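Each chain is listed here by its residues.
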Amino acid sequence: MSGRLPDAAGEEWGNSMGALVRSLSRRRFVLGGTAAAVAAAAAPRVSYAAPEVGIDVAKVDRARIVRAANGFLKEEPVTITASHGVRSAGGLHDFFSEGDYWWPDPEHPDGPYLRQDGFTNPDNFTKHREAMVRMSVMVPALTAAWKVTGQRRYAEQAAVHLRAWFLDPATKMNPNLEYAQAIFGVNKGRGIGIIDTIHLVEPVRAAGLLMAGTDVFSLQENLDLRAWFGDYLKWLTTSANGQEERDQKNNHGSCWVMQVAEFSRFTGNAALQRECRQRFRERLVPEQIAANGSLPLEVARTKPYSYSLFDLDVLATVAQILSVPGGADDLFAFTTSDGRGLRKAVAYMAPFIADKKLWPYPFDVQHFEELPVRQPSLLFAGLAYKDAEWLALWKSLNPDPTVGEIVRNYPVRQPVLWV
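First, a word on what this report is: a plain description of the structure on this page.

About the thresholds
Residues numbered from 1 in each chain as written. Predicted model: local features only at pLDDT ≥ 70, side-chain atom pairs only at ≥ 80, totals over all residues. Heavy atoms only, no water. Helix = DSSP H or I, 4+ residues; strand = E, 2+ residues; numbered from the N terminus. Buried < 20%, exposed > 50% of the residue type's maximum accessible area, 1.4 Å probe, protein only. Contact = heavy atoms within 4.5 Å. Areas by Shrake-Rupley, 256 points an atom, 1.4 Å probe, with all protein chains shown as cover. Polar contact = N/O pair within 3.5 Å; in protein donor to acceptor, adjacent residues only side chain to side chain. Salt bridge = Lys/Arg side-chain N within 4 Å of Asp/Glu carboxyl O. Axes fitted to C-alpha atoms, helices over the stretch in contact; angles between N-to-C directions. Parallel < 35°, antiparallel > 145°, perpendicular 65-115°, else oblique. Left-handed = near helix turned anticlockwise from the far one by under 90°. Nonpolar A, V, L, I, M, F, W, Y, C, P; charged D, E, K, R; others polar. Phe/Tyr/Trp six-rings, centres within 6.5 Å; stacked < 30°, edge-to-face > 60°. Expected span 1.5 Å × (residues − 1).

1. Description of the overall build of the protein
Okay, so step 1: Of regular secondary structure, the protein possesses 15 helices and 4 strands.
Okay, so step 2: In the protein, which comprises 419 residues, the share counted as buried stands at 61%.
Okay, so step 3: Sequence-distant contacts, at least 24 apart, represent 77% of the contacts inside the protein between residues at least 6 apart.
Okay, so step 4: For the protein, the accessible surface area stands at approximately 15,500 Å², while carbon and sulfur atoms represent 52% of it.

Below, the structure written as structure tokens:
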């Protein structure tokens, strides 16, 4: 991904995901009321089914899913209202983060910050981002555990966190990112800060499954949750920051499309889904994938391996969200007139995922040794193209990284929710 999404503190968050979760502040939320029957939910599209290529994702991941979810059953929600950045121009309910690669000017300590690409300033405010990542780890794991076991307790606990983040007036986040990735002395927030909410994509996928398959949300909660994301979609597509991010040519543009694609699927906005398919065909693939399948805008950065893996995952996730197999809207099948497309991009990266020592570009300035992980691009492409080698490679990789930056660059962690 772009250099703007590094490790929140420049260090590992702990030796295990449980340590990550327990390290953050806790608040108790009393959430009363009984759930009524939910309205008919727009169930997530399953783009490609696994049986034809002989992989059962639920079976592969069941033990890790249940183990993680059991550790999260008693964890209470922590939303952005648990902390407030003193340099934020927003209020208690406004998400705030600071640009990661921006540092004080040694010659003018009180002046505007200066950029050092690839090197994270550990003193910048990251509490809101950490809380969002925490939620994005727990809600999908709990939902996945409900899906593979059928046990209601997991679904109920996932709903507790979703209510706190998006429904409870005391703790919910405002549906905008006006103050994301601010730079001290320069601005109060930037369009590129929208990349911070890639960690809402999988929780939204989880919410759709919970609404379709359980009654843990009341009818009004169902409507209100969709309304929150409808409001956020409006901001993403009409605000100056949102439009600026939409038009980025690297992974930032990909992440805008991934978010708008999943949020519009969740809210039933067919027009925005069509727009995302069009941007994939007319902007993302032509502007980002080279003739040999590489991603030039990512390899030009100080973390070329990480950025290439990340952007490829995002592009594949966009295709997984929006594809209709066998038709004009099958984005996995789309190629430009000169043959560029997802298949070529995955084929280019797969050998370097299997053996990163073959990587022909400079090694990343941080965390090269911790990569790769279980990249979802291998799974989604392996199923779409019926490539057993890519599926076997996906299965062989680490599904649960613990290094903070790797976790943050890995927003699809529970593939059982996607296939």
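On we go.
2. Some details on the side chain of Thr79
Okay, so step 1: Within the secondary structure layout, Thr79 lies in the loop between α2 (57-72) and β1 (96-98).
Okay, so step 2: A distance of 2.7 Å separates a polar atom in the side chain of Thr79 from the backbone oxygen of Thr171.

3. Observations regarding the pattern of salt bridges
Okay, so step 1: Following the criterion strictly, the structure yields 17 salt bridges and no others.
Okay, so step 2: With a closest N to O distance of 2.6 Å, Asp215 and Arg152 form a salt bridge. Placement of Asp215 in the loop between α5 (201-213) and α6 (219-238) and of Arg152 in helix α4 (residues 152-166) is noted, with a sequence separation of 63 residues between them.
Okay, so step 3: One salt-bridge network, in which partners are shared between bridges, spans Asp61, Arg64, Arg374 and Asp400.

4. Notes on the packing of α5 against α6
Okay, so step 1: Interaxial distance between α5 and α6 falls to 12 Å at its minimum, and their mutual angle equals 155°. Relative to α6, the element α5 lies roughly antiparallel. Here α5 and α6 pass one another in a crossing that is left-handed. Mapping the contact onto sequence places Val204, Ala207 and Met211 in α5 and Glu221, Asn222, Leu225, Arg226 and Phe229 in α6.
Okay, so step 2: Of the residues contributing to the contact of α5 with α6, the split by class is 5 nonpolar, 1 polar and 2 charged.

5. Things to note about the environment of Leu272
Okay, so step 1: Tracing the chain through its elements places Leu272 in helix α9 (residues 270-288).
Okay, so step 2: Judged by relative accessible area, which is 11%, Leu272 ranks as buried.
Okay, so step 3: Contacts of Leu272, omitting those with residues within four sequence positions, involve Leu233, Thr237, Val260 and Ser264.

6. Here we look at the packing of aromatic side chains
Okay, so step 1: Under the definition given, this model contains 21 aromatic pairs.
Okay, so step 2: Each ring, one from Phe280 and one from Phe334, has its centre 6.5 Å from the other, and the planes form 65°; the classification is edge-to-face. One end of the pair, Phe280, is in helix α9; the other, Phe334, is in the loop between α11 (304-322) and α12 (342-354), with 54 residues separating them in the sequence. For the residue pair Phe280 and Phe334, the accessibility class agrees, reading buried in each case.
Okay, so step 3: Seen in terms of ring centroids, Phe332 and Tyr385 are 5.9 Å apart; in terms of plane orientation they differ by 80°. Their pairing is edge-to-face. Here the residue Phe332 occupies a position in the loop between α11 and α12, and Tyr385 occupies one in the loop between α13 (376-384) and α14 (388-396), the gap between them amounting to 53 residues.
Okay, so step 4: Taking relative accessible area as the criterion, Phe332 reaches 3% and is therefore assigned buried.

7. Quick word on the packing of helix α3 (residues 127-149) against α5
Okay, so step 1: Contact geometry of α3 with α5 gives a least axis separation of 9 Å together with a crossing angle of 30°. Where α3 crosses over α5, the handedness of that crossing is left-handed. Here Met135, Ser136, Val139, Pro140, Thr143 and Trp146 of α3 lie close against α5, whose contacting residues are Glu202, Pro203, Ala206, Leu209, Leu210 and Gly213.

8. Details of α4
Okay, so step 1: Across its 15 residues, α4 extends 21 Å between first and last C-alpha, which sits within 8% of the 21 Å expected from 1.5 Å per residue.
Okay, so step 2: Within α4, 12 of the 15 residues are buried, which leaves it mostly tucked inside the rest of the structure.
Okay, so step 3: Tyr154, Ala155, Gln157, Ala158, Ala159, Val160, His161, Leu162, Arg163, Ala164, Trp165 and Phe166 are the residues of α4 that are buried.
Okay, so step 4: Its buried side turned inward, α4 meets α2, α3, α5 and α6.

9. Things to note about unusual backbone geometry
Where the residue is not glycine, phi is negative for most of them; where a peptide bond is considered, it is trans in most cases.
Okay, so step 1: Of the consecutive residues Leu371 and Pro372, the connecting peptide bond is found in the cis state with omega at -5°.
Okay, so step 2: Positionally, Pro372 belongs in the loop between α12 and α13.
Okay, so step 3: Not every positive phi belongs to a glycine, and Gln181 is a case in point at roughly 50°.
Okay, so step 4: In this structure, Gln181 sits in strand β4 (residues 179-182).
Okay, so step 5: Even without glycine at this site, Lys386 takes up a positive phi of about 55°.
Okay, so step 6: Position of Lys386 among the secondary structure elements: in the loop between α13 and α14.

10. Comments concerning α11
Okay, so step 1: Taking 1.5 Å of rise per residue, 19 residues should cover 27 Å, and α11 covers 27 Å from first to last C-alpha, within 8% of that figure.
Okay, so step 2: Of all 19 residues making up α11, 19 are buried, and the element is well covered by its neighbours.

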